[in-house]
Amino acid sequence: MKQISDFALENLTVDMDEAGITTVTLDRAAKRNALNAQTVEELIELFGALPRMGARAVVLRAEGDHFCAGLDLVEHHSEDRRPEDFMHLCLRWHEAFNKMEYGGVPIIAALKGAVVGGGLELASAAHIRVADQSTYFALPEGQRGLFTGGGATIRVADLVGKARMIDMMLTGRIYTRDEAMQVGLCQYLVEDSDAKAFEIARAAAENPPLSNFAICSAISHMQNMSALDAAYAESVVAGIVNTQPASRGRLEAFANKTAARVKPK
Ligand code: 1HE
């Protein structure tokens, strides 16, 4: 089985503790963690392997003041790509982000500063987004003479709806704090997004891995199906998950009244 030390990473760092809580850090702060082609390959390698390496939950965080400035515009400018080159590059972005969204391991994004363009595409491939007071979201593609290519038309539209996404792209509108929370760009707004993301990751890692696998892949797959097929797939997934050995003790604890009840604090 692959070990963490086997990865040869330039722009990411990775660490896994004994509980399987895995920290993936965007480590290109001098370039505001802009995503060049190399970083996308590293994301594919990492998120392709982590689910089989015992990762129970991932915190995706960043070095520096900004989570991610999106596509590496300088690389894109100097490469002078042809349409087919960029199309193939987009397919690599999709590969990376699909591995995240469909990988079955909860990914919690700890956000700060700019979460813009491809940076928002990256964040929206995580399962939970935690913002701090410095965080802001934008899709400046229109202003740069570009278009989204890393899945925003699916994932960002899912988060905020088509009309808001079109507004963001046409006008460069920036969402901060409460407004970002209200429209669904993030689910938590806190002082320390790293600390909150780890708290969420540790809580999620308490769930049986098979339950988390279903939550962090089946729901996304089902969104791509007809309602009839999704209901069928749900019954099959529930058949497996809801009869797993790991749930027996939890159900027994409920039945004998030792399990926590679901009540607000
Ligand atoms: C970069 C990038 C980048 C910074 N590509 N190098 N994304 C954008 O349109 C956002 C572009 N970036 C910015 O607006 C600003 O850099 C920030 C608001 C994120 C940060 O500002 P600041 O003042 O802290 O940093 P800076 O001085 O602008 O940049 C510092 C360095 O990072 C500088 O490099 P240096 O070698 O001159 O020091 C910048 O060139 C570099 N840098 N952002 C490359 N994005 C699949 S399609 C997706 C399409 C998109 O993502 S479009 C949105 C692109």
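Here we summarise the structure given alongside this text.

Reading the values: rules and limits
Residues numbered from 1 in each chain as written. Predicted model: local features only at pLDDT ≥ 70, side-chain atom pairs only at ≥ 80, totals over all residues. Heavy atoms only, no water. Helix = DSSP H or I, 4+ residues; strand = E, 2+ residues; numbered from the N terminus. Rg over C-alpha atoms; globule rule 2.2 N^0.38 Å. Buried < 20%, exposed > 50% of the residue type's maximum accessible area, 1.4 Å probe, protein only. Contact = heavy atoms within 4.5 Å. Areas by Shrake-Rupley, 256 points an atom, 1.4 Å probe, with all protein chains shown as cover. Lys, Arg positive; Asp, Glu negative; His and termini not counted. Charge placed at Lys NZ, Arg CZ, Asp CG, Glu CD. 1 Å grid on protein atoms, 1.4 Å probe; cavity = no way out; pocket = protein on both sides within 12 Å on 5 of 7 lines; lining within 4 Å. Points joined across faces, edges and corners; volume = space filled by probe spheres on them. Pairing = 2+ DSSP bridges. Axes fitted to C-alpha atoms, helices over the stretch in contact; angles between N-to-C directions.

1. Some details on the overall build of the protein chain
When its secondary structure is counted, the protein chain shows twelve helices and nine strands. Relative to its length of 265 residues, the protein chain is compact, with a C-alpha radius of gyration of 19 Å against a globular reference of 18 Å. Each principal axis of the C-alpha distribution contributes one length, and for the protein chain these read about 65 × 45 × 40 Å. Taking all 265 residues of the protein chain together, the buried fraction comes to 46%. Nonlocal contacts in the protein chain, meaning residues at least 24 apart in sequence, comprise 70% of its contacts between residues at least 6 apart. As presented, the protein chain carries roughly 13800 Å² of accessible surface, and 55% of it is formed by carbon and sulfur atoms. Charged side chains in the protein chain number 27 positive and 34 negative. The centres of these two groups are separated by 6 Å.

2. Notes on the layout of surface pockets
Empty space left among the atoms is revealed by rolling a probe the size of a water molecule over them. The space that makes up the largest pocket amounts to roughly 570 Å³. Around the largest pocket, the lining comprises 27 residues; the ones closest to its centre are Glu101, Ser124, Ala126, Ser220 and Gln223. Of all the secondary structure elements, the ones that give two or more residues to the lining of the largest pocket are helix H3 (83-102), strand E6 (128-132), helix H6 (152-160) and helix H10 (209-223). The leading source of residues in the lining of the largest pocket is H10, at six residues.

3. Some remarks on the sheet that holds strand E1 (residues 12-16)
The six strands lie next to each other as E1-E2-E3-E4-E6-E9, forming an open sheet whose pairing is mixed. Each edge of the open sheet carries a strand with a single partner, namely E1 and strand E9 (188-190). The sheet shows a mean angle of 20 degrees between the axes of neighbouring strands, direction not considered. Helix-sheet contacts for helix H9 (residues 193-204) involve strand E2 (21-26), strand E3 (57-62), strand E4 (107-110), E6 and E9, and the interaxial angle to E6 is about 155 degrees.

4. Quick look at the pairing of E3
Counted residue by residue, E3 has six buried out of six residues, so it is predominantly covered. Two strands pair when backbone bridges link them, and E2 and E3 are joined in this way by six bridges, in the parallel orientation. Pairing of Leu26 across the sheet is with Ala62, part of E3. Both E3 and E4 contribute to a ladder of three bridges, which runs parallel. Bridge pairing in E4 places Val59 opposite Ile108.

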